[in-house]
Structure formats: structure tokens, C-alpha cells
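# Architecture and fold: a report
Next come the chains, spelled out residue by residue.
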Amino acid sequence: MSAASLHLSCSATPRSALPVLITPPVPGQTLLQAMADIRPRIDEELRLAGGVLLRGFSVPTIESFQAFAASFGHPLLKYEFASTPRSAMSASGVYTSTEYPAHQHIPLHNEQAYTREWPMKIWFHCVKASPIGGETPIADSRAIYRRMPADILARFEPGLRYVRNHGEFDVPWQKVFNTDSRAEVEDFCRRASIQWQWKDDGELRTSQLCQAIETHPVTGERVWFNQAHLFHVSNLQAEVRESLEDILGVDNVPRNVFLADGSVIPDEEFARVRAVLDAETVIFQWQAGDVLMLDNMLAAHARTPFEGPRQVVVAMAEPHGNLGRF
């Protein structure tokens, strides 16, 4: 089946192959039944294109989706050092997709690229497709890197510093770290090279220097790999940003990002970054039963606003990182 049959909406470069469509060798097969036949092609297309859309397979339960994701040989990961609200499903290692209100757009990003440890593989399973919107746009992180203006690459190359004030205006630290223990939080931060500060009100401030650009460990290709445009205050609606800065002060907004040396990044810089992301975006319509598998370093993902019921669940595996670099 050709990519055109996916009804793609694509502003990306013509050579973008995302997503590669794979259908069952035998109608009605489950993903596990077809695994021996489709695994070689999945591995190849993940390396070349960055993502595959598995459509037409039988995925009767969330547990069967979990079993398929786990069959790639790596334990499914817990969602640690969270930046968005998610809930664990009954199947271990499977989570709801980000639980932001339906009217909100979630911009393109690579999973946990705001940290120095991330999953190499990520799976999305569409249990129920929204009747209006709710797509999961994707983009080639290599193409984003190639299109990004040279002056931005040069400024971002040394790294980015993410600053978070965990509290009532964002995800509480207890949910971010999955614990109520300050000692456990400090142990995690120490291991992950995160600076921390307990504030007088009992809330937590963290700061971490992370990559802006990475090299894929298998292909050796350079990729745009950060979430600076999500953490920067320019990502907030103007009235929300103004309100938070008035109430909390600019140093205490829930999250922000700076250059490696601590310099403020102008809003205009991220307008240019977002223009590149928009230019490389590919959108396809979900169908119930679909499974989208991405190489998390080669492909970014997003979410469009939606109306009506929607259920998309997520699994992640194969940890990778750069803790020894900075």
C-alpha cells in the first residue's frame, strides 16, 4: 500500500518517508503472530525512515499491545522525571498519552529530550480514534537539523539549561519523581546530574544542562533533539505568561530554558525554531487498532486538538543517554 493511501497532510521535504505503512501478511493476524514476518522490515524502516505505521493488524487488548512492544527485547520503561501528566494503565509499562485538555495542541518533540536519558523506542496504540482531530503528527529529526538555521545550531550546540519550579502551577514534584520522599528525589537528581533546591514553601526547583543536538548511536546521524520550544516561556499563551510572571516573578515560572551559559533565549529565536518544525510536519489520520512505532531520536511526535472521545496509549523501551558528557 502506498503512502498516499494514508491520506497524509505533509509540509515536509518531499523525500520524507514518514510513516512507512506496514499491513498484515495474512488478514486478521495479530502483531505477535506476524512478528517473524514483519520484524526485519520494521527494523530496516525504523533505521531509514524513523517510523512505521502498523495498520490492519488485530490488537484486541492493551495487554496485546504491551506484549508486542515488549517482544522487541527490552523491558518497557517507567515514565520517570515526568514533564506532563500521564496515568499508568493496567498493563505494566503502558501509559495514557499526555493528559492535556482536548483543545490544546502539543507541539512536536522527542520523548524526554529535555533530559539526559531517554527511550530509543516509543509505541503509540490508537484504541479509539477521535472523530475530529486528535492526530499524532510526526517529523524527521534529521531533516529538522538540516533545515535549522546555522546560527541557531551554533548557539544551541553547547547545550540547553532546563529550569523547572515544581508546584501547583505545573506537575507536582511528587508526580514528577513518583515518590513523596525528598531523599529519593535527591538520589535521582544526584545520579542524573540535576541540580536541586528545596524552597521555603516545600516546593522544588531543578536545573539540568542537557543536549540540544545529538548523534544517533546506530546511524551516526545528527538530529535536533531537545524540548526547548516547549519549556521556553514563549510557549505559553500571552495572557497566561503575563499572569504567571506577575504572580510568581519571571524566575519562578513553572518552566523555562536558557542557553548553556545561562543566557536568556529571545522569543524571536523560537519563532524561527517553530517555523522549521512546522515545515517538517507530517500528519496522518488515526484508525482504531493502529500502532505507530518510532525511533525516538530519528522521529518527533505531537498531538493536535480534538473533539469527542479519543484513547491513545504509549509504551517506551531501550534507554539511552549521555550522562557522562557534560
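Placed above this text is the structure.
As a starting point, this report considers the structure included with it.

Conventions adopted
- Residues numbered from 1 in each chain as written.
- Predicted model: local features only at pLDDT ≥ 70, side-chain atom pairs only at ≥ 80, totals over all residues.
- Heavy atoms only, no water.
- Pairing = 2+ DSSP bridges.
- Helix = DSSP H or I, 4+ residues; strand = E, 2+ residues; numbered from the N terminus.
- Axes fitted to C-alpha atoms, helices over the stretch in contact; angles between N-to-C directions.
- Contact = heavy atoms within 4.5 Å.
- Buried < 20%, exposed > 50% of the residue type's maximum accessible area, 1.4 Å probe, protein only.
- Lys, Arg positive; Asp, Glu negative; His and termini not counted.
- Salt bridge = Lys/Arg side-chain N within 4 Å of Asp/Glu carboxyl O.
- Polar contact = N/O pair within 3.5 Å; in protein donor to acceptor, adjacent residues only side chain to side chain.
- Core = buried A, V, L, I, M, F, W, Y, C linked by side-chain atoms within 4.5 Å.

## Comments concerning the sheet that holds strand E11 (residues 204-210)
One open sheet holds the four strands; their spatial order is E10-E11-E9-E14, and the pairing between them is antiparallel. Looking at strand neighbours, the two that pair on one side only are strand E10 (195-198) and strand E14 (255-259), the edges of this open sheet. Ignoring which end each strand starts from, the neighbouring axes of this sheet average 15° apart. Pairing analysis gives five bridges linking strand E9 (residues 160-166) to E14, with the strands arranged antiparallel. Within E14, the position partnered with Arg 161 by the bridge is Phe 258. Packed onto the sheet, helix H6 (residues 182-191) meets E10 and E11 and runs at close to 155° relative to E10.

## As for the side chain of Arg 116
When you line up the elements, Arg 116 lands in the loop between strand E5 (106-109) and strand E6 (117-128). Of the side chains bearing the opposite charge, Glu 214 lies closest to the buried Arg 116, which forms no salt bridge; the N-O distance is 7.8 Å. Separated by 2.8 Å, the side chain of Arg 116 and the backbone oxygen of Leu 323 make a polar contact.

## A few points about the sheet that holds strand E3 (residues 51-54)
Taking strand neighbours across the sheet as the criterion, the six strands line up as E2-E3-E16-E6-E19-E4 in an open arrangement whose pairing is mixed. A strand with exactly one partner marks an edge of an open sheet, and here the two such strands are strand E2 (20-22) and strand E4 (94-96). Strand-to-strand twist across the sheet, computed as the mean angle between neighbouring axes with direction ignored, equals 25°. Bridge analysis of E6 against strand E19 (residues 311-321) gives 10 bridges, and the strand direction is antiparallel. Each residue of the ladder has a partner; that of Lys 128, found in E19, is Gln 311.

## Brief notes about the nonpolar core
Judged by nonpolar contacts, the single largest core of 56 residues is most densely connected at Phe 156, Leu 160, Phe 177 and Trp 224. Here this core gets four residues from one element, more than from any other, and that element is helix H9 (residues 267-279). If near-sequence neighbours (up to four positions away) are discounted, Trp 224 is found in contact with Asn 110, Ser 141, Ile 144, Tyr 145, Met 148, Ile 152, Leu 153, Phe 156, Ala 212, Ile 213, Val 273 and Leu 277. Membership of the second largest hydrophobic core comes to 26 residues, among which are Ala 34, Ile 38, Ala 49 and Val 291.

## Considering unusual backbone geometry
Here the residue pair Leu 18 and Pro 19 is connected by a cis peptide bond, since its omega of -20° sits within 30 degrees of zero. Mapped onto the secondary structure, Pro 19 falls in the loop between strand E1 (9-10) and E2. Of note in this structure, Ser 193 is not a glycine but carries a positive phi near 55°. For Ser 193, the location among the structural elements is in the loop between H6 and E10. Backbone geometry at Glu 318 places phi at a positive 65°, although glycine is not the residue there. Along the chain, Glu 318 turns up in strand E19. In this structure Glu 318 comes out as partly exposed when scored by relative accessible area, which is 22%.

Scope: geometric values only; no functional claims are made or implied.
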